[in-house]
Amino acid sequence: MTMTLAQLLAPMSVEQFFAEYHDKQPLHLRGDPAKFASVLSWRQINRLLDMTHIWTSQSLKLVLDSGSIPAEAYCAPATARDIPQQLLQPVAAKVREWVAKGASVVMNDVDSLTPGLASVSEAIEGAGLGKAQANVYISWQSHKAFHAHYDTHDVWAVQVEGEKAWNIWEGRAEWPIAHPLFRGQPQEHHEKAKGKLRAKVTIKTGDLLYLPRGWYHDALAEAPTSVHVAYGAHAPVGMDILNILMERILYEPIFRQPLPRQDGSAPAKFALTQRAGQLGARIAELAKDPKVMEVLEGFIANYRFHRGGNDLLAWRGLAAPSSGAGAAEEGGAFRVVANGAKPVRRGAEWVLKTGAGVMPLTPPEAEAAQWLLGRPDVTEAELRGAHPGADAPALLSRLREAGLLVPT
């Protein structure tokens, strides 16, 4: 499963995005329920949470009304998978109790866990926008997880379930980075720095919200449920050049020489000033060196995470290389994006109104479609089990062609 920046931004053009929004101002793009249906679903969320041993108190967090729930309240001691070390691991029964109270669930670092989640990361990274790391935020109506804040990276929020109201404030921190200088600021500072309310936008299923780094925001679920995947795009910054130069100056004797000894005298201070000037001038020269620029260009061009790409049977020559295209093959599930469509009876016949026209149904198909379209998602096996009188593969195929189902 792949996605491009053009698909992520559609119907806006990539050229318009870079000209008017990238690193300049927030952007809210309306979508439809099918747009991000393959990114994540409730079925996939439960499947991921059931992979018990991949979660710890760091990767799975609970937040209730802007307060973090202590790890001890929903976790139990466990042994780490790869090293002989004790850690805290979430316990489903305890998580359930907190969710019943309205606690939001935060699933961190999920961008490589499914093809759908990885597809948005690939779109961001493929456009040269930096390393894209993703967190899932699951919220419930009227329970706010976080106070007004900014992030130290660009945010691409993909709404996959329900809806959420976002407050976008006028304030913007000046290109903050992931350093205690910025992360240690108290909430009082943020409340003063966020400024006046710029806009309140409601993000619905299929919508996209882009926030440049440092832009103040907060959000609240206004529907019974809300699930969005927040992709943080961590772009290279000017400080990264210094790391490259640190490698280069190892070969410069002047940087390996001892600095002038200081005894408090004017000549000693002058000597240190002179040496500092010489070092600074040499750094300026090296920053323009073609070889340094070549390394810097490669660093920026390859600034991304490397995920996926495994194909064991193909590597052994035992099977043709996988196309990686069929998300429907992973569990065989389909997301329902029907927008309230349901079968209706016309005399002795049953029909289903769709965007592509009117679909005739047999009575068993009408009963099956009524059941199916009332669910968030479905598999062929579930449809067969619930309605054995309907031709499950044929019905699913027709509903997909009509745009009412999307593979997940």
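About the criteria used
Per-chain numbering applies: the sequence of each chain, read as written, is numbered from 1 onward. Owing to the predicted nature of the model, reporting of local features is limited to residues with pLDDT of at least 70; listing and counting of side-chain atom pairs is limited to 80 or more, with chain, interface and lining totals taken over all residues. To obtain the side-chain values, all non-hydrogen atoms of the structure were used and water was disregarded. Counting from the N terminus, the helices are the DSSP runs of H or I reaching at least four residues and the strands are the DSSP runs of E reaching at least two. Under the convention used throughout, the expected extent of a helix is 1.5 Å for every residue step, that is, one less than its residue count. Pairing of N or O atoms within 3.5 Å defines a polar contact, subject to two protein rules: one partner must be a possible hydrogen donor and the other a possible acceptor, and residues neighboring in sequence count only if both atoms are side-chain atoms. Only the stretch in contact is used when a helix axis is fitted, and all axes are lines through C-alpha atoms; the angle between N-to-C directions ranges over 0 to 180 degrees. Angles below 35 degrees are treated as roughly parallel, those above 145 as roughly antiparallel, those between 65 and 115 as roughly perpendicular, and all remaining angles as oblique. With the far helix as reference, a near helix turned anticlockwise by less than a right angle produces a left-handed crossing, and one turned clockwise produces a right-handed crossing. It only takes one pair of heavy atoms within 4.5 Å for two residues to be counted as in contact. Residues are grouped as follows: Ala, Val, Leu, Ile, Met, Phe, Trp, Tyr, Cys and Pro are nonpolar; Asp, Glu, Lys and Arg are charged; all remaining types, including Gly, are polar. Working definition: with a 1.4 Å probe on protein chains only, accessible area under 20% of the residue-type maximum means buried, over 50% means exposed, and in between means partly exposed. Taken from the helix axis, the directions to the C-beta atoms give the arc we talk about. Each aromatic pair joins two rings of Phe, Tyr and Trp (for Trp, the six-membered one) with centres within 6.5 Å, and gets the label stacked for planes under 30 degrees apart, edge-to-face for over 60, and tilted for any other angle. Criterion for a salt bridge: a side-chain nitrogen of Lys or Arg within 4 Å of a carboxyl oxygen of Asp or Glu.

Caption draft 1: Local environment of helix H11 (residues 290–301). In this model, H11 (12 residues) spans 16 Å end to end at C-alpha, consistent with the 16 Å of a helix rising 1.5 Å per residue. Measuring from the side-chain oxygen of the N-cap residue of H11 to the backbone nitrogen of Lys 291 gives 2.8 Å; that N-cap residue is Asp 289.

Caption draft 2: Representation of the packing of helix H8 (residues 239–248) against H11 in the model. It is at 11 Å that the axes of H8 and H11 come closest, and there the two elements cross at 135°. When the axis of H8 is compared with that of H11, the two are oblique. The two elements H8 and H11 meet at a crossing, and its hand is right-handed. Contacts from Asp 240, Ile 241, Ile 244, Leu 245 and Arg 248 in H8 reach Val 292, Val 295, Leu 296 and Phe 299 in H11. Of the residues assigned to the contact of H8 with H11, the class counts are seven nonpolar, no polar and two charged.

Caption draft 3: Molecular detail of H8. Among the residues making up H8, those that are buried are Asp 240, Ile 244 and Leu 245. Considered in projection along H8, the buried side chains sweep an arc of 145° and stay on one side of the axis. Opposite the buried face of H8, at more than 90 degrees from it, the exposed residues are Leu 242 and Met 246. The elements touched by buried residues of H8 are helix H10 (266–287) and H11.

Caption draft 4: The packing of aromatic side chains, seen in detail. Counted under the stated rule, the structure contains seven aromatic pairs. Seen from their ring centres, Phe 17 and Trp 156 are 5.2 Å apart, and the 50° between their planes marks the pair as tilted. Separated by 139 residues along the polypeptide, Phe 17 in helix H2 (residues 14–20) and Trp 156 in strand E8 (residues 154–172) bring together distant segments of the chain. Classification of Trp 156 by relative accessible area gives buried; the value is 1%. An angle of 85° between the planes, with centres 5.3 Å apart, marks the rings of Tyr 150 and Tyr 216 as edge-to-face. Pair noted here: Tyr 150 is in the loop between strand E7 (131–140) and E8 and Tyr 216 is in strand E11 (residues 215–234), with a separation of 66 residues, a long-range link.

Caption draft 5: Quick peek at the pattern of salt bridges. The tally for this structure, following the rule as stated, stands at 18 salt bridges. Residue Asp 23 pairs with Arg 172 through a salt bridge whose shortest N-O separation is 2.6 Å. One end of the pair, Asp 23, is in the loop between H2 and strand E1 (27–29); the other, Arg 172, is in strand E8, with 149 residues separating them in the sequence. For Arg 282, the salt bridge identified is with Glu 252, shortest N-O distance 2.9 Å.

Caption draft 6: Focus on unusual backbone geometry. Here the residue pair Ala 10 and Pro 11 is connected by a cis peptide bond, since its omega of 10° sits within 30 degrees of zero. Looking at where Pro 11 falls in the secondary structure, it is placed in the loop between helix H1 (5–9) and H2. You will see that Trp 175, though not glycine, has its phi angle at about 45°, which is positive. Structurally, Trp 175 is set in the loop between E8 and helix H6 (180–183).

Caption draft 7: Local environment of the packing of helix H13 (residues 363–373) against helix H15 (residues 392–401). Between H13 and H15, whose axes approach to 11 Å, the crossing angle comes to 60°. Accordingly, the angle class assigned to the pair H13 and H15 is oblique. Judged by the twist between their axes, the crossing of H13 over H15 is right-handed. Judged by residue contacts, Glu 365, Ala 368, Ala 369 and Leu 372 of H13 engage Leu 395, Leu 396, Arg 398 and Leu 399 from H15. Classifying every residue of the contact of H13 with H15 by side-chain character gives six nonpolar, no polar and two charged.

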